[in-house]
Amino acid sequence: MSDKGRSKSLQELRTAVRHGDNKAGDLDALGLVLTERGEYRRGAVCLLAAVALCPNDPRLLHHLASALLGTGRAEEAAAHLERALEIEPSRLESWELLGTVYLDHLNRPAEAFPIFRQAIQLAPGKLENYQSAARCRLGGSTPREVIDYLRESLPDDADLLNQRRGVGLALAQTGRYEEAIAVFQEIVCRHPDDPVSLHGLAKMYTGLHDLAAAGRCFERVIATAENDPDVNLGYVLHLWRLGDFEGARHFYRSRMHDLPIHFSLTRLPSIWEGQDVRAKTVRLIAGDIYFGDAIQFVRFARIAKQAGATVIVEGPKRIRSLLRTVPGVDLALAFHDRIPPFDYAASAFSLLFLLQAPVEEMLDGPPYIQADTGLREKWRIRLRATPGINIGIVWRGSPYNYGNRYACRSMSLEELRPLTRIPGVNVYSLQRGPGHEELSEAIPPFPAIDLAPDFQNAAAVISEVDLVVTIDTSIAHLAGALGKLTYVMLPYDACFRWMMDRADTPWYPTMRLFRQTEPGEWSDVVRAVVDAVSGFSHKKAAP
């Protein structure tokens, strides 16, 4: 068996902090791991202690800023990054993170622009910083105005092609798809084989539901690009979106060694591709910090188990106890838990493409996550005390696409108020994190009971309510994995996993999909959900 590729476990790092000689270095290592696991407050405590020991170490200051961002302390993060750059002005990653703090966390684009300008001066070939610089200037400006501004304001050695690419990518990120297409097309006229622009066009046409044009762009870029891993993965997901799993499988297998392992920072040794694993141990990486991905793909543990393997699953700490309930899982660990020796490893995501089993068989099966019986009983007693139909709701998810009207997965709580007017319906909020404050701030008060459960309690609540209504977030996957009737509201440019033009999904038989018909417009989606909930309520109330 192999320990190859394994970093120090959390237990080993804590032992080093207590007994090691390099106190600042050990605190730094522990703080980084805690931050990677999503334990930002604990990570920040360790990193604050490390900085107290070595206050002039720019690397420690940078790591501390990353942890503080996770706790929402953006101003403090900026101060530590600025201190790091005073000490080491050539530290590129600190310029980049500082720009991100000002642009995305503090919403101060005018202050962010000169920071990204400095990053571009340090690394003229790095495209991401041109994209960020362009986002600083978009506002109400036209693409031409931004292109001209970048040309005039950036260093003389700034890459002119990347300036244009950056504007196109910034327009795409902020939901200005038609304008992004025009920029990318202009680049392709001058650089016919430019992979960035062709890939950008493919994604924009997909977002506009022109899948034929998207396919042509993918075929063109695949034929000309030098096996670009981002393009390859993008094409696999494009085929998935079309429902062409066999085509996606064929392409993935033909180029799998050039595709990134989606859920791992490093390539995995001894990848399991269906080899005989009887009396062997298989390590499955179910997801990193993304709870929904881990919940969706952990189902494949049973396939490894049926093949005779002992199955170790790694996933986010906050859902570790839920992953332990999945059939086929012998041991569920969080990242940087101590991992026993194993023979093979794979990302659970990749098994859909690597294994020979029919896709239908891989997706078929009963609900595969179980809520704790004690918690279920507690919530059953509480919820059944109120007569009527009990509905759990979630309205906000990750803030990543908030500025993109095509792809934003979140809505305001107020838009769900029509649900509360359905006779005989009791609404329970399962919302946590961003957006939760809307419930207490609503005027007039929003008639929902605030539960804000952690994942273990959420699983129990979901098991006991009649229905879940949610946007595309981890709760949707959890409800689907529990086998609960779930109505999922999707943006116009929905995630590839939900495919196109379907009201159902092969991943979760009890799930129904409600799609935007206009970018950014939720009212028609909510009306359709209200009609469906009303129908469900009448049917349930019928003798």
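Throughout what follows, the structure given in this document is the object of discussion.

### What about helix H25 (residues 474-481)?
And step 1. Counting buried positions along H25 gives eight out of eight residues, so the element sits mostly inside the fold.
And step 2. Residues of H25 that are buried include every one of Ser474, Ile475, Ala476, His477, Leu478, Ala479, Gly480 and Ala481, and no others.
And step 3. Immediately beyond the C-terminal end of H25, within one or two residues, lies glycine 483, with a positive phi of roughly 80°.

### What about the sheet that holds strand E4 (residues 344-347)?
And step 1. Taken together, the four strands give an open sheet; going across it, the order is E3-E2-E1-E4, and neighbouring strands pair in parallel fashion. Of all the strands in the sheet, the pair left with one neighbour each is strand E3 (331-334) and E4. Mean inter-strand twist for the sheet, computed between neighbouring axes without regard to direction, equals 20°.
And step 2. Summarising the sheet, strand E1 (residues 281-285) and strand E2 (residues 310-315) pair through five bridges and their orientation is parallel. Residue pairing in the sheet places threonine 281 in a bridge with threonine 310 of E2.

### A look at the nonpolar core
And step 1. Counting 186 residues, the largest nonpolar core has Trp240, Leu352, Ile393, Val469, Leu478 and Val533 as the members making the most contacts within it.
And step 2. Apart from the residues lying within four places of it in its own chain, the contact partners of valine 469 are Ile391, Gly392, Ile393, Val394, Leu419, Tyr487, Met489, Val529 and Val533.
And step 3. By size, the runner-up hydrophobic cluster in this structure holds five residues, among which are Ile312, Leu333, Phe342 and Ala345.

### Quick notes on the packing of helix H6 (residues 92-105) against helix H7 (residues 109-122)
And step 1. Relative orientation of the contacting elements H6 and H7 amounts to 160°, with a least axis distance of 8 Å. As the angle between them shows, H6 and H7 are arranged roughly antiparallel. Crossing angle aside, the handedness with which H6 passes H7 is left-handed. Of the residues in H7, those touching H6 at Leu92, Trp95, Glu96, Leu98, Gly99, Thr100, Tyr102 and Leu103 are Pro109, Glu111, Ala112, Ile115, Phe116, Gln118, Ala119 and Leu122.
And step 2. The class makeup of the residues in the contact of H6 with H7 is 11 nonpolar, three polar and two charged.

### Comments concerning the pairing of E2
And step 1. The buried fraction of E2 amounts to five of the six residues, a majority that puts the element mostly inside the structure.
And step 2. With four bridges connecting them, E2 and E3 associate as parallel partners. Among the inter-strand pairings, glycine 315 is bridged to a residue of E3, identified as alanine 334.

### Re the environment of glutamate 178
And step 1. Mapping glutamate 178 onto the fold places it in helix H11 (residues 177-190).
And step 2. Judged by its relative accessible area of 44%, glutamate 178 is partly exposed.
And step 3. Distance from glutamate 178 to leucine 208, taken between C-alpha atoms, is 8.6 Å for residues 30 residues apart in sequence.
And step 4. Discounting chain neighbours no more than four positions away, the residues touching glutamate 178 are Leu208, Arg405 and Tyr406.

### Describing the environment of glycine 38
And step 1. Position of glycine 38 relative to the elements: it lies in the loop between helix H2 (23-36) and helix H3 (40-53).
And step 2. Here the alpha-carbon distance between glycine 38 and arginine 299, two residues 261 residues apart in the chain, equals 23 Å.

### Things to note about the pairing of strand E9 (residues 486-490)
And step 1. In terms of residue burial, E9 counts as a mostly covered element, since five of its five residues are buried.
And step 2. Alternating residues of E9 divide into Thr486, Val488 and Leu490 and Tyr487 and Met489, and every residue in both groups is buried.
And step 3. Note: strand E8 (residues 467-471) against E9, four bridges, orientation parallel. If you follow threonine 470 over to E9, its bridge partner there is valine 488.
And step 4. Read from E8 through H25 to E9, the crossover connection turns out right-handed.
And step 5. For E9 and strand E10 (residues 511-515), the ladder comprises five bridges, and the chain directions are parallel. Of the residues in E10, the one forming a bridge with tyrosine 487 is arginine 512.

Procedures and definitions
Residues numbered from 1 in each chain as written. Predicted model: local features only at pLDDT ≥ 70, side-chain atom pairs only at ≥ 80, totals over all residues. Heavy atoms only, no water. Buried < 20%, exposed > 50% of the residue type's maximum accessible area, 1.4 Å probe, protein only. Helix = DSSP H or I, 4+ residues; strand = E, 2+ residues; numbered from the N terminus. Pairing = 2+ DSSP bridges. Axes fitted to C-alpha atoms, helices over the stretch in contact; angles between N-to-C directions. Core = buried A, V, L, I, M, F, W, Y, C linked by side-chain atoms within 4.5 Å. Contact = heavy atoms within 4.5 Å. Parallel < 35°, antiparallel > 145°, perpendicular 65-115°, else oblique. Left-handed = near helix turned anticlockwise from the far one by under 90°. Nonpolar A, V, L, I, M, F, W, Y, C, P; charged D, E, K, R; others polar. Right-handed = clockwise from strand over helix to strand, strands pointing away.

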